[in-house]
Amino acid sequence: MKKTILTIAMILGSLATGWCDSQPNIIPAPQKMQMGEGTFVVKKGLTIVSKDVKDFSANYLQDKLDDVFDFPIAVSAQAKAQGCITFATDKSLPQEGYRLDVTDAGITIVSADEAGKYYGVQTLLQLFPAEVYSGEHLRLKEYAIGALSVEDAPRFGYRGFMLDVSRTFFELEYLRNYIDWMSNHKLNRLHLHLTDDNGWRIEIKKYPELTGKGAWRGKNEVIPPTYLSGSERYGGYYTQKEMKELIAYAQKRNVMIIPEFDLPGHALSSTAVLKDVTCGTKTEKASACGEFDNVWCVGKESNYRIIDDIIKELADLFPSPYINIGGDEVVFDYWAQCPECQALMKKEGYEKAEELHGYFVKRMESIIAKHGKVMMGWDDIQDNGGLRPTSTVVAWRSQAKGLESIKHGQPTVMQTGDYLYLDMQYSSVERGHNWASIIPLDRMYSYEPYQDMQLTPEEEKLVIGVQAGLWTELMQFPPRFAEYQVYPRLCALAEIGWSAKEHKNYADFYSRMVNKHYDRLYAMGIAFRVEPPKVVYQDAQLKVTLPYPSAVVRYTMDGTEPTVTSPVVSGNIVTDAPQKFRFSTFFGRGLHSVAVGAENVELHRYLTPEVSVTSDIELQKNNKLETITTYNFSKMIRSKTKVKAGQTLTYTFKEPVACTTIHVPTGYATLPFYGVSDGYVEYSYDGVNFIKGEDFHHYHAYIRNLEAPVKAVRIVITDANDGWSCCFQNLKIE
Ligand code: TNX
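Residues numbered from 1 in each chain as written. Predicted model: local features only at pLDDT ≥ 70, side-chain atom pairs only at ≥ 80, totals over all residues. Heavy atoms only, no water.

Draft legend 1. Region of interest: helix H17 (residues 489-498). The buried fraction of H17 is high, at 10 of 10 residues. Those residues of H17 that sit buried are Arg 489, Leu 490, Cys 491, Ala 492, Leu 493, Ala 494, Glu 495, Ile 496, Gly 497 and Trp 498. (Buried < 20%, exposed > 50% of the residue type's maximum accessible area, 1.4 Å probe, protein only. Helix = DSSP H or I, 4+ residues; strand = E, 2+ residues; numbered from the N terminus.)

Shown next, in the form of structure tokens:
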């Protein structure tokens, strides 16, 4: 410990005075910025001048600067001619806008409102060393900032981030970090997806069972295990008191928290807990996420009373003018067979069950209006027409769904999956979904809210903003993977929402990212995604293209993942055995990219011995056991229902196979979804006597230390899997 302090002090000794970078590398790019002549030197005696010495932004700034400078910084109401950072008000400036001027004499931040003041501070912080975010004591004695003048205001009023706290539960402390990080990027709406099939996350006083039971999934819980929760009791929730504190924390940072109570589908965490809210009818059709019995009945009048109670508590708790009722991906089959829904259809003169969705949405509108709020929902809420003019649509399925909403005159937030879903993969070699698209940083950046729309200026105003969303089915593992998915893509979103369209330029954005902003993200403590290098094998050499000029890329030659002690790439690598080389980009202490090999080299060849598979597990229609005898690793087969203790699946080789390791993957081929959560593998040298091997962990098991050629491998199920079905794959034999 002592030693590190010493070395840090030595390094800092040489840094005791500093100079702001010649380019300020501001993210999101301001509307107008002009570099001036001269510098302002921050040094001992610096005062922050604010009429109200208790003002949040002034104290926040003091706090941040105190950390990097070697002298105390005062907040005072007394103006001075020199050496100050002065806050002033100008009511003629736009909402959330600010003017920041740095001259030889001092710094001023002028704004019309609190938000503008806070954002002026955010821009100012970006003119200091990145450590201003980390609380690391740089002990600078002085720091010179080049003169500049910024005039800034947002392009859109709604600049959001949606976080699904249902599938993965996030602790309050962690949510506070997200609020800090968002507000550092001038994002101002946090849409919390508080309820879904897999967990109810907000205390409702009138129905304590919603969190008492609905917040927990597990083997003996009302909500079954799913998404790797296995046999663990998984969950958590926010009390109203805690949520109030979080709301206040967010408000100070100009972030509005918008609650979502997803209805009438995606609702197992309430339908399984509350009595008689479903139709009680059955269907073979699973919901989009594979759930059953997760739809509220629309024919029962008592349901509207319960929803009213819940909405009332949400409306009282959240100052947000919006309450989001979700409304997405409903399986209508339950309604089609329900006598109460049928009676309602008759009464309303409906022909199709989906028209009941429109009815339900309208009932939600009036309940929400009664509590003084505006309804918000996914674009499915417009499918049956007739929304109130204030009801706000979040377009997720496509740009066209956004256009449809605008043509209906609804205020619209753009969150289209194919550009703005943060649970999508960055690249084909990284974890994540890809059903909407693969979304590298440049693709997200390229998103333009008005793309593929021919809008009049009036219609353009209906696009109130943009948001990016993180669905969290895949986020419980590995630790902090959520941050990897969100950053740096949320920096791109910040620029889409804030900066002028004419200023958007990916090359420029990327250079600001790599020149300074990655350092800021690092100092904020974000475990952001680091980009891997590109590697090709050509003319007997491995040619490595760094993701950016200063990137540190390390490599191994034995197929293992590079570590901080692996050698650093400098120049091309001559080799006639490129298969086992792996490369990763490293950033700071602890961050690195995925490990990649050369793009044009087959990196791995598994053995492909002739094999047959037998099992007593019932498969879904059109699924065949032969599929997992082909060694096509993108293929899988799935069971019709959950598997049961005692069931087995056996791979038998035609001839015993000499090998060192057999990897038995289950679940989706590319994602940890629907695999064996309780079970083990066994193997046999003679096909008769089996030896017990490893238990499954996160849906995978390995057979190692083999002593003779293997004749058969068997998966033995010891308890139901998490998720609604179980998937099996080809063996990976080495
Ligand atoms: C679709 S987007 C969903 C979510 C899933 C997501 C996974 C939307 C309104 N529904 O329930 O989590 O896909 O990418």
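Following the structure, the description resumes.
Draft legend 2. Up close: the pattern of salt bridges. Evaluated as defined, the whole model comprises 37 salt bridges. The residue Glu 173 makes a salt bridge to Arg 176 at a minimum N-O spacing of 2.9 Å. Here Arg 176 and Glu 173 lie together in helix H4 (residues 172-184), a separation of three residues that amounts to about one turn. For Glu 173, a relative accessible area of 48% corresponds to the partly exposed category. Here Glu 694 and Arg 704 are joined by a salt bridge, their closest N and O atoms 3.1 Å apart. (Salt bridge = Lys/Arg side-chain N within 4 Å of Asp/Glu carboxyl O.)

Draft legend 3. Examining the environment of Tyr 631 more closely. Tracing the sequence through the fold places Tyr 631 in the loop between strand S27 (611-615) and strand S28 (636-638). The buried category is assigned to Tyr 631, whose relative accessible area is 12%. Between the alpha carbons of Tyr 631 and Lys 219 there is a distance of 33 Å; along the sequence they are 412 residues apart. Of the polar contacts made by the side chain of Tyr 631, one reaches the backbone oxygen of Pro 609; its length is 2.8 Å. (Polar contact = N/O pair within 3.5 Å; in protein donor to acceptor, adjacent residues only side chain to side chain.)

Draft legend 4. Spatial organisation of the site of the ligand. Near the ligand, the surroundings consist of 13 residues, among which Arg 167, Tyr 421, Asp 423, Trp 435 and Glu 473 are the closest. In this structure, Asp 423 approaches the ligand through a side-chain N or O atom, which is 2.5 Å from an oxygen atom. At 2.9 Å, a side-chain N or O of Trp 435 approaches an oxygen atom of the ligand. Calculation on the ligand without its partners gives an accessible area of 360 Å², and the protein chains cover 96% of this total. (Near = heavy atom within 4 Å. Areas by Shrake-Rupley, 256 points an atom, 1.4 Å probe, with all protein chains shown as cover.)

Draft legend 5. Spotlight on the sheet that holds strand S10 (residues 189-193). A barrel is described by the order of its strands in space; here eight strands give the closed sequence S9-S10-S15-S16-S17-S18-S19-S20, paired in parallel fashion. Between one strand axis and the next, the sheet turns by 30° as a mean value, whatever way the strands run. Strand direction decides the pairing type here: strand S9 (residues 158-164) and S10, joined by five bridges, are parallel. Looking at the pairing, Met 162 lines up with His 191 of S10. Across the sheet, H17 is in contact with S9 and strand S20 (463-470); its angle to S20 comes to roughly 175°. (Pairing = 2+ DSSP bridges. Axes fitted to C-alpha atoms, helices over the stretch in contact; angles between N-to-C directions. Contact = heavy atoms within 4.5 Å.)

Draft legend 6. The arrangement of the domain arrangement of the chain in detail. For the chain, the domain assignment lists domain 1 (32-152), domain 2 (158-262 + 304-326 + 376-503) and domain 3 (611-733). A C-alpha centroid distance of 61 Å is found between domain 1 and domain 3. (Domains from an automatic or database assignment.)

Draft legend 7. Region of the structure containing the side chain of Arg 167. If you trace the backbone, Arg 167 turns up in the loop between S9 and H4. Within the structure, the side chain of Arg 167 is placed 2.8 Å from the side chain of Asp 164, a separation counted as a polar contact. A distance of 3.1 Å separates polar atoms of two side chains, one belonging to Arg 167 and the other to Asn 198. Residues contacting Arg 167, with those up to four places away along its chain left out, are Asp 196, Asn 198, Arg 217, Tyr 227, Tyr 234, His 266, Cys 289, Trp 471, Thr 472, Glu 473 and Gln 476.

Draft legend 8. Focus on the pairing of strand S15 (residues 256-263). Counting buried positions over the eight residues of S15 gives eight, a clear majority of the element. Covered by surrounding structure in S15 are Met 256, Ile 258, Glu 260 and Asp 262 together with Ile 257, Pro 259, Phe 261 and Leu 263, the residues of both alternating faces. Bridge count for S10 against S15 is five bridges, and the pairing is parallel. Within S15, the residue paired with Arg 189 across the bridge is Met 256. Relative to strand S16 (residues 322-326), S15 runs parallel, the two sharing two bridges. Within S16, the position partnered with Glu 260 by the bridge is Asn 324.

Draft legend 9. Inspection of the nonpolar core at higher detail. Core analysis: the biggest nonpolar cluster contains 177 residues, and Phe 69, Phe 161, Tyr 238, Met 243, Trp 335, Leu 490 and Tyr 518 have the highest contact counts within it. Counting residues in each nonpolar core, the second largest holds 30 residues, with Val 643, Leu 649, Ile 703 and Cys 726 among its members. (Core = buried A, V, L, I, M, F, W, Y, C linked by side-chain atoms within 4.5 Å.)

Draft legend 10. Layout of H4. Its 13 residues give H4 an end-to-end C-alpha distance of 18 Å, which sits within 8% of 18 Å, the value for a rise of 1.5 Å per residue. Of all 13 residues making up H4, 10 are buried, and the element is well covered by its neighbours. Buried within H4 we find Leu 172, Tyr 174, Leu 175, Tyr 178, Ile 179, Asp 180, Trp 181, Met 182, Ser 183 and Asn 184. Remark: Lys 186 follows H4 within two positions and exhibits a positive phi of approximately 65°. (Expected span 1.5 Å × (residues − 1).)

Draft legend 11. Structural context of unusual backbone geometry. Omega for the peptide link from Ile 27 to Pro 28 comes to -5°, which places this bond in the cis form. Relative to the helices and strands, Pro 28 is located in the loop between strand S1 (17-19) and strand S2 (32-43). Here the residue pair Phe 477 and Pro 478 is connected by a cis peptide bond, since its omega of -10° sits within 30 degrees of zero. Its location among the elements puts Pro 478 in the loop between S20 and helix H16 (481-486). The phi dihedral of Tyr 674 is positive, around 55°, even though this residue is not glycine. As for its position among the elements, Tyr 674 is in the loop between strand S30 (662-665) and strand S31 (679-684). Look at Asn 705: it is not a glycine, yet its phi comes out positive at around 55°. Given the relative accessible area of 69%, Asn 705 is considered exposed.

Draft legend 12. Fine view of the packing of aromatic side chains. A complete count under the given rule lists 47 aromatic pairs for this structure. Ring geometry for Phe 332 against Trp 335: centres 5.5 Å apart, planes inclined by 45°, an arrangement best described as tilted. Overall, the relative accessible area of 24% leaves Phe 332 in the partly exposed class. Centre to centre, the rings of Trp 396 and Trp 435 are 6.4 Å apart; their planes meet at 85°, and the pair counts as edge-to-face. Of the two residues, Trp 396 is situated in the loop between strand S18 (392-395) and helix H12 (399-407) and Trp 435 in the loop between helix H13 (417-420) and helix H14 (441-446); the sequence distance between them amounts to 39 residues. According to the relative accessible area criterion, Trp 396 is buried, its value standing at 9%. Using a relative accessible area of 53% as the deciding quantity, one classes Trp 435 as exposed. Here the guanidinium or amino end of Arg 554 rests over the ring plane of Phe 586, the centre of that ring lying 5.7 Å away. (Phe/Tyr/Trp six-rings, centres within 6.5 Å; stacked < 30°, edge-to-face > 60°. Lys NZ or Arg CZ within 6 Å of the ring centre and 35° of its normal.)

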